[in-house]
Amino acid sequence: MTVIRLEKVSRQFDTSIALNQIDLTVSDGEFLLIVGPSGSGKTTLLRLIAGLEQPTCGQIYFDDTMINSVPAFQRNVAMIFGQPILYPHLTVYDNIAFGLKRHLIPIEDIKNTVLDISERLGIISLLNRKPQTLSAGQKQRVALAGALIRKPKAFLLDEPLNHLDSHLQKIILDILAVIQRDTNIPIICVTHHFGRIIEIANRICIIEEGIIKKMVLKKDFPIIPESLELF
């Protein structure tokens, strides 16, 4: 399990400050929802944790290890976007198995793992298809399967429900709730508005202009408006 900790983390692009002196701790098994208006620094925060960006100053820790200089591919963090990134030339099976094949795991072990996780996510009938033949919800489930199979240290979700209708949103939320229950790894989800995702979050972090304005505990969720697009 992993505890993610940011200490006085800032990120500046030229003259623009995307994040300013962020202090944040996310415990193992916690589902943290990060909300705020466009341009507030939400996605930058995820990219810093994933290693896709480097902080201008401050430290990022996984447990007690500072990871500022650890490249993204060595952090074992799964980052999933609202529009999932899948390899169009590969089948669903190969997209899911890709992370394991890179580590020279025996073919039979890969097959069993892919079949198990695909059955859990309800996509076992899709394994021979290509991404371009899938619906938005199916693509999101394939992306989740490919992330889960790697047993990542953390899940980072950037607007995961944006392009889904309410039925598909419920399916993905149910899957995320199971992931949280079964894996006990930290999940950090960024969104403009939270809707039903609040049901599985433990805390809400409100960011504006690169600064954490407020942290809201689960017991206080009823005081939060239904949509933060009103910012």
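Residues numbered from 1 in each chain as written. Predicted model: local features only at pLDDT ≥ 70, side-chain atom pairs only at ≥ 80, totals over all residues. Heavy atoms only, no water.

S.K.: How would you summarise the packing of aromatic side chains if you had to cite specific residues and measurements?
M.R.: Between two aromatic rings, the relevant description is the distance of the centres plus the angle of the planes. Throughout the structure, instances matching the rule amount to 1 aromatic pair. Here the basic side chain of Arg 5 rests over the ring of Tyr 61, its NZ or CZ set 4.2 Å away from the ring centre. (Phe/Tyr/Trp six-rings, centres within 6.5 Å; stacked < 30°, edge-to-face > 60°. Lys NZ or Arg CZ within 6 Å of the ring centre and 35° of its normal.)

S.K.: Explain the nonpolar core to me, and be specific about the residues and the numbers.
M.R.: Ile 96, Phe 155 and Leu 176 are the most contacted members of the largest nonpolar core, which totals 47 residues. Non-local contacts of Phe 155, meaning those with residues more than four positions away in its chain, are made with Ala 78, Ile 80, Ala 147, Leu 148, Ile 179, Ile 185, Pro 186, Ile 187 and Ile 188. Membership of the second largest hydrophobic core comes to 25 residues, among which are Ile 4, Val 9, Ile 22 and Val 190. (Core = buried A, V, L, I, M, F, W, Y, C linked by side-chain atoms within 4.5 Å. Buried < 20%, exposed > 50% of the residue type's maximum accessible area, 1.4 Å probe, protein only. Contact = heavy atoms within 4.5 Å.)

S.K.: Report on the packing of helix α2 (residues 92–101) against helix α4 (residues 136–148), specifying residues and quantitative values.
M.R.: When two helices pack together, their arrangement is given by the angle between their axes and by how far apart the axes lie. Between α2 and α4, the least distance of the axes is 7 Å, while the angle of their chain directions is 30°. One finds that α2 runs roughly parallel with respect to α4. As α2 packs across α4, the resulting crossing turns out to be right-handed. Contacts between α2 and α4 pair Val 92, Asn 95 and Ile 96 from the former with Val 142, Ala 145 and Gly 146 from the latter. Within the contact of α2 with α4, the residues separate by chemical class into 4 nonpolar, 2 polar and no charged. (Axes fitted to C-alpha atoms, helices over the stretch in contact; angles between N-to-C directions. Helix = DSSP H or I, 4+ residues; strand = E, 2+ residues; numbered from the N terminus. Parallel < 35°, antiparallel > 145°, perpendicular 65-115°, else oblique. Left-handed = near helix turned anticlockwise from the far one by under 90°. Nonpolar A, V, L, I, M, F, W, Y, C, P; charged D, E, K, R; others polar.)

S.K.: Account for unusual backbone geometry, naming residues and giving values.
M.R.: For Asn 76, which is not glycine, the phi dihedral falls at a positive 50°. Checked against the element boundaries, Asn 76 lands in the loop between β5 (65–66) and β6 (77–81). A positive phi angle, near 60°, is found at Asn 184, a position not held by glycine. When its relative accessible area of 36% is taken as the criterion, Asn 184 is described as partly exposed.

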